[in-house]
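Listed below are the residues making up each chain.
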Amino acid sequence: MSAKRLRPAAWGVVVLLAVLLPFFFNAYRVGQFTQAAALAIAVLGLNLLVGYSGQISLGHGAFFALGAYASAISITDLGVPYLLTLPIAGAVCALAGFLLGLPALRLRGLYLALVTLGVAIATPQIIKRADGLTGGTQGMSLDKITAPAWSGLADDQWLYFVTLAVAALMFVVAGFLVRGRVGRALVAIRDNEIAARTMGVDLARFKIGVFAVSAMYAGVGGALFTISIGFLAPESFPLALSFAFLAAIVVGGLATIGGALFGALFIEFVPVYAADVDEALAGVIYGGVLILFMYLLPGGVMGLVRRISSTKATPRGTDDAQAGAGHRLGGGAADAGAARERVRAQ
Amino acid sequence: MDRFIQVLVDGWATGSLYGALAVAVVLIYRATGIVNFAQGELAMFSTFIAWGLMQAGLPLGLAVLATLALSFVGGMLIERVIIRPVEGGEVLTLVIVTLGLYILVNSLAGWIWGFGNRAFPSLFGDGSFDVAGAAVPYESIGIVVVLIALVAILFAVFQRTKVGLAMRAVAMNPESSRLHGISVGRTLMIGWGVASLVGALAGVLIAPRLFLDVNFMGAVLIYSFAAATLGGFDSPLGALIGGWIVGIAEGLAGTYVDFIGSDLKILVPLTVILVVLLIRPTGLFGSAEVARA
Amino acid sequence: MSLLEVSDLEAGYGPVTVLRGISFSVEEGRIVTVLGPNGAGKTTTLRALSGTVRRSGSIRFDGKDVSKRSPEKLARKSVAHVPEGRGTFTGLTCEENLRVGAFPRRDKAGVAEDMKRCFGYFPRLEERRDQHAGAMSGGEQQMLAIARALMLRPRLMLLDEPSLGLAPKLTAELFKILEKIAREEGVTMLLVEQNANLVLKFADDAHVLEAGRIVLSGTAEEIQADEGIRRSYLGV
C-alpha cells in the first residue's frame, strides 16, 4: 500500500480507537485520556512553532497557563459557559503570542530559548502576584462538568468527547495549514531564512503569525485541560511543564501532525510534574529518554513510523518538512560536517 | 542610608553568586558554543556530593576540595558520553539534550537524596564586620574575593597556557585546530571539566544562603543567564561583572520598587536579558563573534 | 623511498566518490603540484591525505602507513596542511595563531626561533603580531596560514590553492616566498592549484587530475610543454 493511501487509513484507525476508548476504561483513565487530548492540542501548537518554523520556545507552559486562567476566570467570575471560554482562551493567547512574537523576531536560536525560558520560570510567580484575578496560591476551583441528558453518556465520557472533538477540529485545521502555502513558507523559513526572503516570503508576518497560532493552540489546550481537572493553581504550571511540551514534540516527531498525539500520551502517562513518590525515578527515565531520542530517533516516533511504512519515494510537502526536521536533528557532527563538505566538494 | 549600604552589599555578594554560575556557563559556551541549560543542576548535584561527604565525616574544606575534583572528572565524562554524539549539530538538538540532562540530573538528585531541604555550612563562618553602620558578613566579602581570584586564574590559564590556547582555538575553529595537532575531543572534555568544577564551586558558595535542596539552583540559573548575557557570553570577567550588576539591580528593585516586591524579583533578570539582547546582543564585554544564533 | 607514497586512493563525501583511485608519490625536497579544473578532486586529495574526509587506499609517509591516522596524529608526525579557507583563528592574535601552529612541539627555544624566522619571511605579519587575525586581509591571512604551517617545522606541507582570492601581484610575491621556504627550510611541498601558469614555473613535478583520476604526470617542464595542457590550462 502506498504511503499516500496508508495515511488516511491510519488516521481512520486512530479516530475509531479514540471514539471507542471511553467505553472500555474507567472514569479515572478516561479523565487521563481527556487530559492527553488537551495536551495534544498544546503540543501541536508548539510543534508548529518549533518543528515547522524553527523558533525555539521554552515558554509554552506560560501560554498554557494563560489559557487555563482565562477560561477559569471567565467561568467563575464572568459566568461564561465553559464551551464559550475556549475561543476566549484562544483569543487571549493569540494576542499574547502576537505580543511575544514581536520581540522574538529580533532573537534567534539560543537567545530566543533563553528569553522564553525566563518567561516559563516567571510564570508561577506572576500568577501568584496577580492574586486578585487568579486566586493566588490558593488556586481556583471549577464546578464539575455534567453531561447533558440527551447524550446518554457519563460525565467523564462527555467531557472526553468534547475535548476530543475540539482536538480533532484543531488537528484538521493544522493539517490544512501545513500542507498548503503556509506550511511550505514555514519550512522554507526554518531551513534557510535568507533563501526564504529572496523567494518573497514575508518573514515577519509568518513568524509572528506562527507565534500567535501556536499560543492560541496552547491556550485552548490549557483551558480544556483545566476544565477536565477542575482545579488550577500556580503550582500547576511549573517550568517542568514547558520542558514536557518540548519533550513531547521531540518524542512524537518534529514537524509532524501525528507526532503530537504520541508526544501528549508520553507526557501524560509519564508524569513528571505531578508531586509523587515516584516522581524522581520518572524524571530520570524522562530525561534519559529525551537524550536517547536525540541520538537514536531524531525524527521521533512519527519518523520511525514513516520509515517503516514508506516503500516508495517520499512525496512532496510535509514529508520533506519532516525529513528536513529529522535530518537536521541528531546525527550531530557527522551530518553537519558532511553537509558542509558537500557544499565545498572539489 | 545604612539600609541602602546593606542592600548594596547584599546585592554585590548575591551578584557574585550569580556571576559564579555564569562563569561556568560562559566557559562551556566559549569552549563549545553550547549553552548548557543543565549547568545549575550539575552544580546542585556536586553540592549534594559535598554534603554527602560531610555526612560521611569529612571536614568542610576537604569535602569541598574532593567535590571540586570529582566535578572536574564528572564534567569530562558528561562531555564524552552525553554531549559528544551531538556536538556540532543543530541548536535545537543541543537544547533538548541539555534539557534532558537538566531533568535527569534533577530527578537523580531527588531520588538519591530526597526532596527536602537541608542546611549547608558556609566556608567563611558566620561572623561579620561593621561598615558605616551596616553589618557586612565575612561570607559576602569572602565570596567576592574567591570569585575575583577565580576569574584571575581563568584569565591566566586562557591567555598564557597551552591548554588555554587550545581551548580558545578549538572554540573558534575546530577543523583548523585538528590540522594543527590539537585533539578537539580532549580539549572539549577539559573545557567541560573546568566548567563543572566552577559550577560546583558556585553551588558550594550559594548553598549556605539558599538552603540545599534539589531545586535551589533552578532560579539561580536564570539570574546567571542574565549575568552571562549582560557580560557578553564569552568573557568570564564579563559574567562576573554582569552578575554584580544583576545582583545589585535585583536587590535595589526588590527593596525600593513596590511593584516588584519580593516575589516578582525574577522579572529583573528577565528584563535584563530582553533589554541586552534587543539593544546590544554582544553584551558589555563580548566580542562580535558571540552573536551567532 | 619517497617521502609520500599514495596508491589507489579513493575518497568522497557520503555516497559520492570523488577520487577514483589515484596513485602518485612525492620525493623529499621536491615541490609537487596537482593541477586540474574545478570539481576534479584537488581539495579532496589533500583532505584525503590529512584524513578529514572518508578515504580508502594506501598512504605511506616516510615509509610508514598512515592511511588510517587522524588529522591530529598526522600533524604530530610533522605534516602541515594549509587548508582551503585558510583556517585562520580569527579571535586570536597573529602571534597566538603562530603559537597554535607550533602546538605539537615541546622545544620552547626552537619555537621562539622559528617565530623569528617566520616574521623574517613575512615581515607584514610581524607588523601585525598583536592584532586580531580576523582583521587581516585575505592575503595576510594566507601568509599567516603558511607561517602557521611552518611553525610546525614540517617535513611535508600540503597547500590548498594558496593563490585563491589573491591579486596577481600578491600571488607572485607569495610564490617567491614559498620557493624560498622550500629551498631554505628543506620543506617538501604538495600544492593543489588552479592557476597552472604560475605554479608550473615554481614546481618541480606535476600531476594533472581530471574527474577524480590522474591523467598526466611528469616534471613541470614536461607538463608545461604538453600540447593538451597548454590548450586546456595555459590558454595558449
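In this text the structure is predicted, and so the values were computed from the model without any measurement. (Residues numbered from 1 in each chain as written. Chains lettered and ligands numbered in written order. Predicted model: local features only at pLDDT ≥ 70, side-chain atom pairs only at ≥ 80, totals over all residues. Heavy atoms only, no water.)

Please set out the overall build of chain B residue by residue, giving values where relevant.
A tally of helices and strands in chain B yields eleven helices and two strands. In chain B, the succession of α and β elements from N to C terminus is α-α-α-α-β-β-α-α-α-α-α-α-α. Its C-alpha atoms give chain B a radius of gyration of 19 Å, within 12% of the compact-globule value 19 Å for 293 residues. For chain B, buried positions account for 59% of its 293 residues. Look at the contacts in chain B between residues 6 or more apart in sequence, and 75% of them connect residues 24 or more apart. Accessible surface computed for chain B: about 10700 Å², of which carbon and sulfur atoms make up 68%. For chain B, the distance from the average position of its 14 positive side-chain charges to the average position of its 16 negative side-chain charges is 13 Å. (Helix = DSSP H or I, 4+ residues; strand = E, 2+ residues; numbered from the N terminus. Rg over C-alpha atoms; globule rule 2.2 N^0.38 Å. Buried < 20%, exposed > 50% of the residue type's maximum accessible area, 1.4 Å probe, protein only. Contact = heavy atoms within 4.5 Å. Areas by Shrake-Rupley, 256 points an atom, 1.4 Å probe, with all protein chains shown as cover. Lys, Arg positive; Asp, Glu negative; His and termini not counted. Charge placed at Lys NZ, Arg CZ, Asp CG, Glu CD.)

Please set out the packing of helix α1 (residues 2-32) of chain B against helix α2 (residues 39-55) of chain B residue by residue, giving values where relevant.
The angle between the axes and the distance between the axes are what describe a pair of packed helices. All names here are of chain B. Contact pair α1 / α2: the axes reach a minimum separation of 10 Å and the direction vectors enclose 120 degrees. Judged by the angle between their axes, α1 and α2 are oblique. Between α1 and α2 the crossing geometry is right-handed. In this structure, α1 contributes Leu 21, Ala 24, Val 25 and Ile 28 to the contact, and α2 contributes Gln 39, Gly 40 and Ala 43. Here the residues of the contact of α1 with α2 sort into five nonpolar, two polar and no charged. (Axes fitted to C-alpha atoms, helices over the stretch in contact; angles between N-to-C directions. Parallel < 35°, antiparallel > 145°, perpendicular 65-115°, else oblique. Left-handed = near helix turned anticlockwise from the far one by under 90°. Nonpolar A, V, L, I, M, F, W, Y, C, P; charged D, E, K, R; others polar.)

An account of the environment of A:Tyr295 is requested, with residue identities and associated values reported.
Secondary-structure assignment places A:Tyr295 in helix α13 (residues 279-296). What A:Tyr295 contacts, discounting residues up to four positions off in sequence, is B:Val81, B:Ile82, B:Ile83, B:Pro85 and B:Val86.

Outline the pairing of strand β8 (residues 188-193) of chain C, listing residues and values.
Residue and element names in this part refer to chain C. Burial within β8 is extensive, with six of its six residues counted as buried. The alternating pattern of β8 places Thr 188, Leu 190 and Val 192 and Met 189, Leu 191 and Glu 193 on opposite faces, both of which are buried. Alignment of strand β3 (residues 31-35) against β8, held across five bridges, turns out to be parallel. The residue bridging Leu 35 from the neighbouring strand is Glu 193, located in β8. Pairing of strand β7 (residues 156-160) with β8 involves five bridges; the strand directions are parallel. The partner of Leu 158 across the bridge, within β8, is Leu 190. (Pairing = 2+ DSSP bridges.)

Describe the interface of chain B and chain A, with residues and values.
Between chain B and chain A, the contact holds 53 residues from the first and 46 residues from the second. Interface area, chain B with chain A, both sides summed: about 4200 Å², of which 79% is carbon and sulfur. At the junction of chain B and chain A, the tally comes to zero salt bridges. Linking chain B to chain A there are one residue pair in polar contact (both at pLDDT 80 or more). For the side of chain B that touches chain A, the secondary-structure elements that each account for two or more residues are α3 (60-83), α4 (91-113), α9 (216-231) and α11 (267-279) of chain B. Considering each element in turn, the side of chain B that touches chain A owes the most residues, 16 residues, to α4(B). (Buried area = accessible area lost by both parts, 1.4 Å probe. Salt bridge = Lys/Arg side-chain N within 4 Å of Asp/Glu carboxyl O. Polar contact = N/O pair within 3.5 Å; in protein donor to acceptor, adjacent residues only side chain to side chain.)

Would you mind going over the confidence of the model for chain B in detail, with residue names and values included?
The predicted model of chain B has a mean per-residue pLDDT of 86, with 96% of residues at 70 or higher. Within the model, pLDDT remains below 50 along residues 289-293 of chain B, and this stretch shows 16 contacts once partners closer than five positions in the same chain are excluded. (pLDDT = per-residue confidence, 0-100.)

Let's hear about the nonpolar core: which residues, and what values?
In summary, soluble globular proteins display a tendency toward joint burial of nonpolar side chains. Of all hydrophobic cores here, the largest spans 182 residues; its most connected members are A:Leu117, A:Phe237, A:Phe245, A:Ile267, B:Phe37, B:Phe120 and B:Phe225. Beyond its immediate sequence surroundings of up to four residues, A:Phe237 is in contact with A:Phe64, A:Ala65, A:Ala68, A:Tyr69, A:Thr123, A:Pro124, A:Ile127, A:Thr226 and A:Leu232. In terms of nonpolar packing, the next biggest core, distinct from the first, is built from 48 residues, C:Ile31, C:Val82, C:Phe119 and C:Ile181 among them. (Core = buried A, V, L, I, M, F, W, Y, C linked by side-chain atoms within 4.5 Å.)

So what's going on with the environment of C:Leu35? Which residues, and what values?
Residue and element names in this part refer to chain C. Tracing the chain through its elements places Leu 35 in strand β3. Look at Leu 35 and you get buried, because its relative accessible area is 0%. Residues Leu 35 and Leu 125 lie 90 residues apart in sequence; the distance between their C-alpha atoms is 29 Å. Once you skip the residues sitting within four places of it in the chain, Leu 35 turns out to touch Lys 42, Glu 193, Ala 196, Val 199, Leu 200, His 207, Val 208 and Leu 209.

Can you tell me about the environment of B:Ala226, naming the residues and giving the values?
Residue and element names in this part refer to chain B. If you trace the backbone, Ala 226 turns up in helix α9. Separated by 13 residues in sequence, Ala 226 and Ala 239 place their C-alpha atoms 8.9 Å apart. Those residues within four positions of Ala 226 in sequence are excluded, and the remaining contacts are Val 246, Pro 269, Val 272 and Ile 273.

I'd love a proper account of the domain arrangement of chain C, names of residues and values included.
Residue and element names in this part refer to chain C. Examined at the domain level, chain C breaks down into domain 1 (2-78 + 154-234) and domain 2 (87-153). For domain 1 versus domain 2, the distance between C-alpha centres works out to 23 Å. With 20 residues of domain 1 at the contact, the number on the domain 2 side is 14 residues. Carbon and sulfur atoms make up 71% of the area that domain 1 and domain 2 hide from each other, which totals about 1400 Å². Our enumeration of links across domain 1 and domain 2 arrives at two salt bridges. (Domains from an automatic or database assignment.)

Outline the pattern of salt bridges, supporting the account with residue identities and numerical values.
Residue and element names in this part refer to chain C. Throughout the structure, instances matching the rule amount to 21 salt bridges over all chains. When the shortest N-O distance is used, the salt bridge between Asp 205 and Arg 30 registers 2.9 Å. Placement of Asp 205 in strand β9 (residues 205-210) and of Arg 30 in the loop between β2 (16-26) and β3 is noted, with a sequence separation of 175 residues between them. What makes Arg 30 partly exposed here is its relative accessible area of 31%. The partner of Arg 129 in a salt bridge is Glu 95, with the nearest N and O atoms 3.0 Å apart. Of this pair, Arg 129 sits in the loop between α5 (123-127) and α6 (138-150) while Glu 95 is found in helix α3 (residues 94-101), placing the two residues 34 residues apart along the sequence.

Summarise helix α6 (residues 162-172) of chain B; cite the residues concerned and give the values.
Most of α6(B) is tucked away: eight of the eleven residues are buried. All buried positions along α6(B) are accounted for by B:Gly164, B:Leu165, B:Ala166, B:Met167, B:Arg168, B:Ala169, B:Val170 and B:Ala171. Of the surrounding elements, those touching the buried residues of α6(B) are α1, α5 (138-160), α7 (174-179) and α8 (184-210) of chain B together with α3 of chain C.

Provide a residue-level description of the sheet that holds strand β5 (residues 64-65) of chain C, including the pertinent values.
Residue and element names in this part refer to chain C. Here four strands make up an open sheet; going across it, the order is β2-β1-β4-β5 and the pairing antiparallel. Taken across any chain shown, the strands that pair with only one partner, and hence form the sheet edges, are β2 and β5. Summarising the sheet, strand β4 (residues 54-61) and β5 pair through two bridges and their orientation is antiparallel. Across the sheet, Phe 61 pairs through a bridge with Lys 64, a residue of β5.

Which residues make up the sheet that holds strand β10 (residues 213-219) of chain C, and what values do they have?
Residues and elements named next belong to chain C. One open sheet accounts for six strands, arranged β6-β7-β8-β3-β9-β10; its pairing is mixed. Across the chains shown, the open sheet's two edge strands, defined by having one partner strand only, are β6 (79-82) and β10. When the angles between neighbouring strand axes are averaged without regard to direction, this sheet yields 15 degrees. Two strands pair when backbone bridges link them, and β9 and β10 are joined in this way by six bridges, in the antiparallel orientation. Across the sheet, His 207 pairs through a bridge with Ser 217, a residue of β10. Here α6 sits on the sheet in contact with β6 and β7, set at roughly 170 degrees to β6.

Provide a residue-level description of unusual backbone geometry, including the pertinent values.
Residue and element names in this part refer to chain C. Its identity is not glycine, yet Arg 86 carries a phi of approximately 75 degrees, on the positive side. Given the relative accessible area of 17%, Arg 86 is considered buried. Phi at Ala 211 is positive, roughly 45 degrees, even though this residue is not glycine. Considering the arrangement of structural elements, one finds Ala 211 in the loop between β9 and β10.

Which residues make up the pairing of β4(C), and what are the values?
All names here are of chain C. By the bridge criterion, seven bridges tie strand β1 (residues 4-13) to β4 in an arrangement that is antiparallel. Paired with Glu 5 across the bridge in β4 is Arg 60. What sits between β4 and β5 in their antiparallel hairpin is a turn of two residues, with Asp 62 showing a positive phi close to 55 degrees.

Provide a residue-level description of the packing of aromatic side chains, including the pertinent values.
Working definition: an aromatic ring pair is given by the centre-to-centre distance plus the angle between the planes. This structure, assessed with the given rule, holds 19 aromatic pairs over all chains. Between A:Trp150 and A:Trp158 the ring centres are 5.7 Å apart and the planes differ by 85 degrees, which places this aromatic pair in the edge-to-face class. A:Trp158 gets classed as buried once you look at its relative accessible area, which sits at 14%. Here the aromatic rings of B:Phe45 and B:Trp113 are separated by 5.3 Å at their centres, their planes lie at 70 degrees, and the arrangement is edge-to-face. You can see B:Phe45 sitting in helix α2 and its partner B:Trp113 sitting in helix α4, a full 68 residues away along the chain. In textbook terms, an aromatic cluster arises when at least three aromatic residues are bridged by ring pairs, as seen for A:Phe64, A:Tyr69, A:Phe225, A:Phe237 and A:Phe245. (Phe/Tyr/Trp six-rings, centres within 6.5 Å; stacked < 30°, edge-to-face > 60°.)

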